[in-house]
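One-letter residues, chain by chain:
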Amino acid sequence: MRIPAADMRTLFDAIAVGDEVVFESFFVTWRSRVYNLALKWTKSGFAAEEITQDVFISVWTGRKNLAAVKDANTYFYTIIYNKINRYLRREANAARILRLSAWAANRSCNQTEETVYANDGERFVNKALEGVSPRKRLIYQLSRREGKSNDEIAAVLRVSPHTVKSHLLHTLKYIRNYMKDNILSILWLLAFLLAGKK
């Protein structure tokens, strides 16, 4: 997943001066890889979506500091590590925290394994979305998969930002509850995948 240092430096320099086009390209290009990595450690499609959004939000909101960053790759990985670590600590999962720390030390990962987890995690999220209205599903997709802000979504759908926020919160809560209700299926799937790797 490592990004060539020169390429990352160029991206960061452009984002640092507020280039939204470059940031959008950066998001589109690397979103799935961050998601895959977050999913590998959290084992939750919902958590991986939230972490992925937080990672890119942190890059954008902290863009004024990017020009002073000496090692762009390390900076980016540190953001990812911190977001995942914060989630795992909140979930009090000591075993995964230790494995994550070991990964951060040598930054080696199996892209094929991440892709398998990502595809199945995405499948559970998509299944959960079948239980909400088409409008709420569209708002979720525009927000979480296209990275649009509440104001941008409101403009596209011609509704108020408050309505967008309300629908999005309801959808996220629904997905969270769906994941909890189907935890046995998710655990069975993960066990099956892990067994296949032995």
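Relevant structure appears above.
Residues numbered from 1 in each chain as written. Predicted model: local features only at pLDDT ≥ 70, side-chain atom pairs only at ≥ 80, totals over all residues. Heavy atoms only, no water.

J.: Summarise the packing of helix 2 (residues 20-42) against helix 3 (residues 45-61); cite the residues concerned and give the values.
T.: Two numbers describe a pair of packed helices, the interaxial angle and the distance between the axes. Relative to each other, helix 2 and helix 3 sit at 145 degrees, their axes nearing to 8 Å. Seen from above, helix 2 lies across helix 3 with right-handed handedness. On helix 3, the residues that touch Glu20, Phe23, Phe26, Phe27, Trp30, Arg31, Val34, Tyr35, Ala38, Leu39 and Thr42 of helix 2 are Gly45, Ala47, Ala48, Glu49, Ile51, Thr52, Gln53, Val55, Phe56, Val59 and Trp60. A class-by-class count of the residues in the contact of helix 2 with helix 3 yields 15 nonpolar, 4 polar and 3 charged. (Axes fitted to C-alpha atoms, helices over the stretch in contact; angles between N-to-C directions. Helix = DSSP H or I, 4+ residues; strand = E, 2+ residues; numbered from the N terminus. Left-handed = near helix turned anticlockwise from the far one by under 90°. Contact = heavy atoms within 4.5 Å. Nonpolar A, V, L, I, M, F, W, Y, C, P; charged D, E, K, R; others polar.)

J.: Residue-level account of the pattern of salt bridges, with values.
T.: For the coordinates displayed, the defined rule picks out 2 salt bridges. Between Glu49 and Arg31 there is a salt bridge, with its nearest N and O atoms 3.1 Å apart. Pair noted here: Glu49 is in helix 3 and Arg31 is in helix 2, with a separation of 18 residues, a long-range link. Given the relative accessible area of 12%, Arg31 is considered buried. (Salt bridge = Lys/Arg side-chain N within 4 Å of Asp/Glu carboxyl O. Buried < 20%, exposed > 50% of the residue type's maximum accessible area, 1.4 Å probe, protein only.)

J.: Lay out the packing of helix 3 against helix 7 (residues 134-145) in plain terms, naming residues and giving numbers.
T.: At their nearest, the axes of helix 3 and helix 7 sit 10 Å apart, and the two run at 50 degrees to each other. The angle between the axes of helix 3 and helix 7 places the two elements in the oblique class. The segment helix 3 lies against helix 7, with Glu49, Glu50 and Gln53 engaging Tyr140, Ser143, Arg144 and Arg145. Residues belonging to the contact of helix 3 with helix 7 are distributed by class as follows: 1 nonpolar, 2 polar and 4 charged. (Parallel < 35°, antiparallel > 145°, perpendicular 65-115°, else oblique.)

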